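Descriptive analysis of the structure
If you want the building blocks of each chain, they are given just below.
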Amino acid sequence: MAMAAAVPALSAGTVPLGVLLRREVTKERMERPDVLCGEASRSRKGEDFTLLRADAGQRVAGDPSTSFSVFALFDGHNGSGAAIYAKENLLHNVLRAIPTCLSRDEWLAVLPRALVSAFVRTDKDFQRVAGTSGTTVTFVIVDEWVVTVASVGDSRCILESADGSVYYLSADHRFDSNPDEVQRVTACGSKVGKMDIVGGPEVGPLRCWPGGLCLSRSIGDFDVGECIIPVPHVKQVKISNAGGRIIIASDGVWDDLSCEMALDCSRGFPSDVAANRIVNEAIRPRGIRDDTTCIVIDILPPEKLAPTAPKRMGKIAFNSMFRRKSPGVSFKIDSEYAEPDVVEEIFEDGSAMLSKRLTTGYALEKIFAPSSCAVCLVRLKSGQGISLHANPLQHEKLQGWQGPFLCHVCHDKKEAMEGKRRRKDCSPTVFGHMC
């Protein structure tokens, strides 16, 4: 767990006089950061797409102080249909999955569940298009100093804090680097192995058969099978008001550059220049072998027009551990009195089990309408919903509610994604009783 030097202890509620005086002078100008972004791409197959929305929307309609930013990378394969569809629909599905009239703390708390629901809905809706293409997705939402990242596939997202520490914000769903996913897919009935050339040795990366996909999670890829799921890994962190830099890039970058190399070649440059330098460095050794795309996002204190070199020089420190947010503590950062360069983990979950992802955490009744499907949001008539809980009656006794619920179509998709096979002569009983 990487943390800055300890700050002298203060009594509860105490703020140093110097901080109070600086607040009076600055009038809280540091409350919201400046978010700058740049992108660069070199195309070979034309299957990489990006979404850059510095002002993607407002948590409270008509209030600019509640605006948030969205940045996403879609690395398509076997065609561009899935990547284009996800680019055009995923953000809309995320916003639809978030209830209205929430405070900022509530909005940020429900965001991870909304992202899971939106990824699955986008995948389900794309299935009606009947395409066989697929896409990785790395989807980043920046709300003031809080960063939320949802990812499927292998388009990596990293954060460098102002002190030079580096944090992974996405998960790698390549079979080669994720034995847990190999075990999950195998348990679902598929085979994972290298390409078997008749009369020769096995070659290449681990792949799922049938289909030959080297990823365990994506949007699309319906021809490969239901073991390839769209349930994203989600991480939510809060950075200090010293700011930081986020890099999102497709495998065309990471196949040739380490995180350290990407940061070294771009550090100190504005985001647009940095993105170009990373892409050029990636294609320099071997040329353009794949679509190669990079997005650089700088989260800076206001009026700081360009990033500076991190204070910690020398070897980069890679961190998989974060300081965890204390329960009951607001997401709001005191802009003049915060521990510099501390990255605080708020939430992380990479489980493949949709039922778990939608039934744990914050105030479920507030997230999901009692009479709607938790994934597709279709209105359910009385008695139509299937509870996500294994024992809905017991849950109702404890929580006063049997939900969240799924419609029959989304329930069937959940069962398939979780490797459960329903007997043809049985159908699930309403409110969670399954054969």
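Thresholds applied
The residue count restarts for each chain, going from 1 along the sequence in the order it is written. Per-residue local features are limited, in this predicted model, to residues with pLDDT of at least 70; the limit for side-chain atom pairs, both in listing and counting, is 80 or more; totals at the level of whole chains, interfaces and linings are taken over all residues. Where side-chain values are given, they derive from all heavy atoms of the structure, hydrogens and water being excluded. Working definition: helices are DSSP H or I runs of at least four residues, strands are E runs of at least two. Numbering for both runs from the N terminus. For each residue, the accessible area found with a 1.4 Å probe, counting protein chains only, is set against the maximum for its type, and the residue is called buried under 20%, exposed over 50%, and partly exposed in between. By the convention used here, residues are in contact when the closest approach between their heavy atoms is within 4.5 Å. Values of accessible area rely on a 1.4 Å probe in the Shrake-Rupley scheme; residue burial ignores everything except the protein chains shown. Axis lines are fitted to C-alpha atoms, over the contacting stretch for helices. Their N-to-C directions set the angle, which ranges from 0 to 180 degrees. Reported orientations rely on four angle classes, namely roughly parallel under 35 degrees, roughly antiparallel over 145, roughly perpendicular from 65 to 115, and oblique for the rest. Here is the rule for handedness: rotate from the far helix to the near one, and if that takes an anticlockwise turn smaller than a right angle the crossing is left-handed, while a clockwise turn gives right-handed. Basically, the charged four are Asp, Glu, Lys and Arg, the nonpolar ten are Ala, Val, Leu, Ile, Met, Phe, Trp, Tyr, Cys and Pro, and anything else, Gly included, counts as polar. Values of pLDDT, ranging from 0 to 100, describe the predictor's confidence in every residue of the model. For the purposes of this section, nonpolar cores are sets of buried Ala, Val, Leu, Ile, Met, Phe, Trp, Tyr and Cys residues that join through side-chain atoms within 4.5 Å. The salt bridge definition used is simple: a Lys or Arg side-chain nitrogen within 4 Å of an Asp or Glu carboxyl oxygen. Strands are labelled as partners when DSSP assigns at least two bridges between them. Here a Phe, Tyr or Trp ring, Trp counted by its six-membered ring, pairs with any other such ring whose centre lies within 6.5 Å, and the pair is stacked when the planes are under 30 degrees apart, edge-to-face when over 60, and tilted otherwise. Expected helix span is taken as 1.5 Å per residue step, with the number of steps being one fewer than the number of residues. What is called the bend at a residue is the angle between a pair of axes, fitted to the seven residues leading up to and ending at it and to the seven starting from it.

With that out of the way, let us pick up the overall build of the protein. When its secondary structure is counted, the protein shows eleven helices and 18 strands. Burial status across the protein gives 52% buried among its 435 residues. A separation of at least 24 residues holds for 71% of the contacts in the protein among residues at least 6 apart in sequence. Total accessible area on the protein is roughly 19300 Å²; 54% of this is exposed by carbon and sulfur atoms.

So, on to the packing of helix α6 (residues 259–266) against helix α7 (residues 271–283). It is the contact of α6 with α7, at a shortest axis distance of 8 Å, that shows an interaxial angle of 130 degrees. When the axis of α6 is compared with that of α7, the two are oblique. The chirality of how α6 crosses α7 is right-handed. Where α6 approaches α7, its residues Ala262, Cys265 and Ser266 are matched on the opposing element by Ala274, Arg277, Ile278 and Glu281. Residues of the contact of α6 with α7, tallied by class, amount to four nonpolar, one polar and two charged.

Attention shifts here to the confidence of the model for the protein. Averaged over all residues, the pLDDT of the protein is 82; the fraction at 70 or higher stands at 76%. Element-level mean pLDDT values for the protein span from 50 in helix α1 (residues 17–26) up to 98 in strand β5 (residues 146–152). Overall, residues 23–30 carries pLDDT values under 50, and its contacts beyond four positions in sequence, including any with other chains, amount to 14 contacts. When the criterion is pLDDT under 50, residues 422–435 qualifies, and its contacts beyond four places in sequence or with other chains add up to 28 contacts.

On to the nonpolar core, then. Here is a general trend for soluble globular proteins: nonpolar side chains tend to be buried in one another's company. Ranked by internal contacts, the top residues of the largest apolar core, which has 50 residues, are Val94, Leu115, Phe119, Phe139 and Ile141. A per-element tally of this core places helix α3 (residues 104–127) first, with ten residues. Non-local contacts of Phe119, meaning those with residues more than four positions away in its chain, are made with Leu90, Val137, Phe139, Ala150, Val152, Ile219, Pro230 and Pro232.

So, on to the pattern of salt bridges. In this structure the tally under the stated criterion is 26 salt bridges. The shortest N-O distance in the salt bridge between Arg121 and Asp125 comes to 3.3 Å. You can see Arg121 and its partner Asp125 sitting in helix α3, four residues apart, about one turn around the helix. What makes Asp125 buried here is its relative accessible area of 10%. The shortest N-O distance in the salt bridge between Arg128 and Asp125 comes to 3.5 Å. A residue is classified by how much of its surface remains accessible, and Arg128, at 63% relative accessible area, is exposed.

On to the pairing of strand β12 (residues 244–249), then. Along any regular strand, the residues point their side chains to alternate faces of the sheet. For β12, the tally of buried residues reaches six of six residues, placing the bulk of the element in the interior. The alternating pattern of β12 places Gly244, Ile246 and Ile248 and Arg245, Ile247 and Ala249 on opposite faces, both of which are buried. Judged from the five bridges that link them, strand β6 (residues 157–161) and β12 form a sheet pairing that is antiparallel. Considered in β12, the bridge of Leu159 is made with Ile246. Of the strand pairs in this sheet, β12 and strand β13 (residues 292–300) are connected by six bridges, and their pairing is antiparallel. What sits directly across from Ala249, in β13, is Cys294.

Overall, the coordinates contain three aromatic pairs when judged by the stated rule. Seen in terms of ring centroids, Phe68 and Trp107 are 5.0 Å apart; in terms of plane orientation they differ by 45 degrees. Their pairing is tilted. Within this pair, whereas Phe68 is found in strand β3 (residues 67–77), its partner Trp107 is found in helix α3, the two being separated by 39 residues in sequence. You'll find Phe68 and Trp107 in the same group, each marked buried. Relative to Phe222, the ring of Phe126 lies with its centre 5.8 Å away and its plane at 35 degrees, an arrangement referred to as tilted. Of this pair, Phe126 sits in helix α3 while Phe222 sits in the loop between β10 (219–220) and β11 (233–238), and the two are 96 residues apart along the sequence. Residue classification places Phe126 among the buried positions, given a relative accessible area of 3%. On the accessibility criterion, Phe222 (23% relative accessible area) is partly exposed. Among the aromatic residues, those joined into a cluster by ring pairs are Tyr85, Phe126 and Phe222.

Along its 16 residues, helix α2 (residues 81–96) runs 22 Å from first to last C-alpha, staying within 8% of the 22 Å computed at 1.5 Å per residue. The axis of α2 is deflected most strongly, by about 40 degrees, at Asn89. Those residues of α2 that sit buried are Ala82, Ala83, Tyr85, Ala86, Leu90, Leu91, Asn93 and Val94. Check the buried side of α2 and you find it contacts β2 (48–58), β3, α3, β4 (134–143) and β10.

It is worth spelling out the side chain of Asp290 at this point. With respect to the helices, strands and loops of the structure, Asp290 is situated in the loop between α7 and β13. The residues contacting Asp290, other than those within four sequence positions of it, are Arg42, Arg44, Lys45, Asp251 and Gly252.

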